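# Fold and contact review
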Amino acid sequence: MTEDAQGATAMLADLATALVSGDVDVVDLTHTLDPDFPVIVLPPEFGQCARFRMEEISAYDHRGPAWKWHNFTCSEHTGTHFDAPSHWISGRDVPNGAVDEIAPERFVGPVCVIDCSEGAAADEDFELTPQVILDWEATHGRIPKDSWVLMRTDWSRRRGEAYLNMKDDGPHSPGPVPAAVELLVHERGIRGFGTETVGTDAGQGSHYTPPYPAHHILHGAGRYGLQCLANLDLLPPRGAMLLAAPLKIRNGTGSPLRVLALVPRAG
Ligand code: 23J
Ligand code: MN
């Protein structure tokens, strides 16, 4: 073995030890998939996303005496889910832009968490601006290239109608302004951007230029999205490792998934 390979082997052994001892926690950032979990609602002239549905095939009964199992249906964009570049027109020609084409090493990587929970509590249309990012960096250091950036809002604690927060003029929820996504993608070179809300964009994101700037800019640059995340309050601002591997759906534009974070124990 080379010295590098020995070092990497030792590092993985240390990780295994840390996982067993609890020095590294595994934190689940995923909502439970069930029919009540809200899905995005678009204006009525557009096609709509399906909620999660489950039907019993058998339950240790005449349909299958020793086994229980279900069929389920949902959208690629139902529940806690991954957005691939091919989801958006700006990313339609991005190489390896569908979930089945993305290289597996892209599914494991470092993560930064920008806490916008106070702002979002005060203003349901709270905007993540470049200044919020620069303020975060002044405290925590520059966002490393190829990391995930997650916007914490505590929106995941909302239930029922309050989650989509639909008003006469459409949904209201926090999200990034175009210049913030430009900064993250083109100046910091992030891998992807994730939120606790139903989209990577603000509820009113259709009114920006370009419309839905997170989708447009991220996917146009071959970057990824994560939505409907939970438990972001359990993550440190930096230093955690994100595991987010979508289902391998041929030509899939996204997928529900289990999102996990490896988090060093505090203190
Ligand atoms: C389609 C159109 C607009 C949006 C979305 C989907 C999502 O948020 C999504 O789940 O990717 S904003
Ligand atoms: Mn999506």
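Residues numbered from 1 in each chain as written. Chains lettered and ligands numbered in written order. Predicted model: local features only at pLDDT ≥ 70, side-chain atom pairs only at ≥ 80, totals over all residues. Heavy atoms only, no water.

## Section: the coordination of the manganese ion (ligand 2)
On the protein side, the manganese ion (ligand 2) has His77 (ND1), His81 (NE2), Asp83 (OD) and Gln227 (OE1) as donor atoms, found 2.1 to 2.5 Å from it. Given 6 donor atoms and angles of 57 to 176° at the metal, the environment of the manganese ion (ligand 2) is assigned as irregular. Taking relative accessible area as the criterion, Gln227 reaches 3% and is therefore assigned buried. (Donors = N, O, S within 2.8 Å, 3.2 Å for Na, K, Ca; no water. Tetrahedral: all angles 85-135°; square planar, octahedral: opposite > 155°, others 65-115°. Buried < 20%, exposed > 50% of the residue type's maximum accessible area, 1.4 Å probe, protein only.)

## Observations concerning the site of ligand 1
Every residue close to ligand 1 is listed here: Ile40, Leu42, His77, His81, Asp83, His87, Trp88, Val198, Gly199, Tyr212, His215 and Gln227. Taking His81, its side chain carries an N or O atom lying 3.2 Å from an oxygen atom of ligand 1. Taken by itself ligand 1 offers 320 Å² of open surface, and the protein chains cover 88% of this. Taken together, the residues of the shell around ligand 1 break down into 5 nonpolar, 6 polar and 1 charged. (Near = heavy atom within 4 Å. Polar contact = N/O pair within 3.5 Å; in protein donor to acceptor, adjacent residues only side chain to side chain. Areas by Shrake-Rupley, 256 points an atom, 1.4 Å probe, with all protein chains shown as cover. Nonpolar A, V, L, I, M, F, W, Y, C, P; charged D, E, K, R; others polar.)

## Notes on the pairing of strand β15 (residues 259-264)
Alignment of strand β1 (residues 24-28) against β15, held across 5 bridges, turns out to be antiparallel. Counted as the bridge partner of Val24 is Pro264 from β15. Sheet topology note: the strand β13 (residues 240-244)/β15 ladder contains 4 bridges and is antiparallel. Following the sheet pairing, Met241 is matched in β15 by Leu262. (Pairing = 2+ DSSP bridges. Helix = DSSP H or I, 4+ residues; strand = E, 2+ residues; numbered from the N terminus.)

## Some thoughts on the packing of aromatic side chains
The relative placement of two aromatic rings is captured by the distance of their centres and the angle of their planes. Counted under the stated rule, the structure contains 7 aromatic pairs. Put simply, the rings of Phe82, Phe107, Trp148 and Tyr224 pair up and form one aromatic cluster. Cation over ring: Arg158 sits above Trp155, and NZ or CZ is 3.6 Å from the ring centre. (Phe/Tyr/Trp six-rings, centres within 6.5 Å; stacked < 30°, edge-to-face > 60°. Lys NZ or Arg CZ within 6 Å of the ring centre and 35° of its normal.)

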